[in-house]
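Descriptive analysis of the structure
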Amino acid sequence: MPRRPDNLETVRLAIELLRRIPRQRKVSSADLHAQLSAAGIDRDVRTIQRQLESLSEHFDIERDDRSKPYGYRWKEQAKGFTLPGMTEKEALLLALAEQHLRNLLPAKVLRTLEDFFSQARRHLGHGRDVSLERQWLDKVRIVSTSQPLLPPPIRDGVLEEVSNALFGNLWLEVDYRNAGGRRAMVEVMPLGMAQQGPSLYLVCRYRGFDNERHQALHRMLAARALNEVFERPKDFDLGRYDGEGRFGLGDGERIRLSFDIDRGAGMHLLETRLSTDQSVVEKGEKLRVTATVMDSEWLWRWVRGFGDAVTAVKVNGRARRTPT
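Thresholds applied
- Residues numbered from 1 in each chain as written.
- Predicted model: local features only at pLDDT ≥ 70, side-chain atom pairs only at ≥ 80, totals over all residues.
- Heavy atoms only, no water.
- Salt bridge = Lys/Arg side-chain N within 4 Å of Asp/Glu carboxyl O.
- Buried < 20%, exposed > 50% of the residue type's maximum accessible area, 1.4 Å probe, protein only.
- Helix = DSSP H or I, 4+ residues; strand = E, 2+ residues; numbered from the N terminus.
- Pairing = 2+ DSSP bridges.
- Axes fitted to C-alpha atoms, helices over the stretch in contact; angles between N-to-C directions.
- Contact = heavy atoms within 4.5 Å.
- Polar contact = N/O pair within 3.5 Å; in protein donor to acceptor, adjacent residues only side chain to side chain.

Digging into the pattern of salt bridges
By the definition in use, this model includes 23 salt bridges. The partner of Arg66 in a salt bridge is Asp64, and the shortest N-O contact between them spans 2.9 Å. Using a relative accessible area of 70% as the deciding quantity, one classes Arg66 as exposed. A salt bridge links Asp235 to Arg205, with the shortest nitrogen-to-oxygen separation between them at 3.1 Å. Of the two residues, Asp235 sits in the loop between strand S7 (220-229) and helix H8 (238-243) while Arg205 sits in strand S5 (residues 199-206), which places them 30 residues apart along the sequence. Linked through salt bridges whose partners overlap, the residues forming this network are Lys26, Glu62 and Arg73.

Shown next as structure tokens:
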């Protein structure tokens, strides 16, 4: 016979459910059960259903019983349930985290944080007499260094399946169509995820291979986390993968690059260097720049972007015509 929960456990469950009931959409008992399980709170669905029925009788919670499963949400004018003790500064931190980290958080973790984010937005408010912390959100911005692009659409369910597999070290089945239009069903070992501009990429190893490659999430037609755990390779490091220029269409080869650049076009390189060993020699109206960098397609796109302002390009001491 299962142990009957004591009053403290019942209260804790009620608080956790109240925190997770949304305002703008309905949530089912199954959804809440999944959220609680992800947060390490083990309760059966029937217990959650009974608790929701009781809460809807004593709080301003709307229960949609027109079809099963029932849906629950706070009524439009309800004050809802807030976490005590959240300060303006904590709310600001959560608001900024939501803006910049939403796509990089595991789906399970994100579900447990939704109520914190929601409370942070309410806490900061949007009225006339908003706090200085709320005003700060309108005073800071991450600015793109290239032409801004809209993020490519990701198919429903793909991001959640990918992040769950990545979080749990689970093999992932992907229906993938590459940039050339070739489509294949593959099983991959998810090792890391990165956001590059508006796009998200999964770094992975294909089953049966020991090298890494990355897939664009917006090119995944479908994804499914398999019930098969893998041991994360000890020789993989996402920072090293990035540092080797793999996201810039390179293969990890370092080169010694030198070129002449018009002073006006190259002055920014005196402040934002290409590498720690960069050297710059003034030659009249030209600057001679030398640096050790990763060889990649992105590097040469950057060089080509200066047009005729860049001349005398050399790689490892040998003259090289800028690729077209």
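Quick word on the sheet that holds strand S6 (residues 213-216)
Taken in spatial order, the five strands line up as S6-S5-S4-S3-S7 in an open sheet, and their pairing is antiparallel. Two strands close off the open sheet at either side, each with one partner strand: S6 and S7. The average undirected angle you get between the axes of adjacent strands in this sheet is 45°. Two elements, strand S4 (residues 183-196) and S5, share eight bridges in a ladder whose sense is antiparallel. Residue Gln196 lies in a different strand from S5, and its bridge partner there is Ser199. The sheet contacts of helix H7 (residues 158-168) involve strand S3 (170-177), S4, S5 and S7, and relative to S7 the element is tilted by about 30°.

What about the environment of Val27?
Within the secondary structure layout, Val27 lies in the loop between helix H1 (7-20) and helix H2 (29-38). On the basis of relative accessibility, which here comes to 1%, the residue Val27 falls in the buried class. Separated by 175 residues in the primary sequence, Val27 and Leu202 place their C-alpha atoms 30 Å from one another. Residues within four places of Val27 in sequence aside, it is in contact with Arg20, Ile21, Pro22, Leu32, Gln35, Tyr70, Gly71 and Tyr72.

Thoughts on the side chain of Gln278
Structurally, Gln278 can be placed in the loop between helix H9 (263-266) and strand S9 (279-283). At 2.7 Å, the side chain of Gln278 forms a polar contact with the backbone nitrogen of Leu274. Residue contacts for Gln278: discarding those within four places in its chain leaves Leu269, Arg273, Val289, Thr290 and Ala291.

Overview of H7
If you check which residues of H7 are buried, you get Val158, Val162, Ser163, Asn164, Ala165 and Leu166. Looking one or two residues past H7, Asn169 carries a phi angle of roughly 55°, positive in sign.

What to know about unusual backbone geometry
The phi dihedral of Asn169 falls on the positive side, at around 55°, and the residue is not glycine. In this fold, Asn169 is placed in the loop between H7 and S3. One non-glycine residue with positive phi stands out, namely Ala312, at about 50°.

Here's the deal with the pairing of S6
Strand direction decides the pairing type here: S5 and S6, joined by four bridges, are antiparallel. Within the sheet, the bridge partner assigned to Cys204 lies in S6 and is Arg213. Connecting the antiparallel pair S5 and S6 is a turn made up of six residues, with Gly208 showing a positive phi of about 95°.

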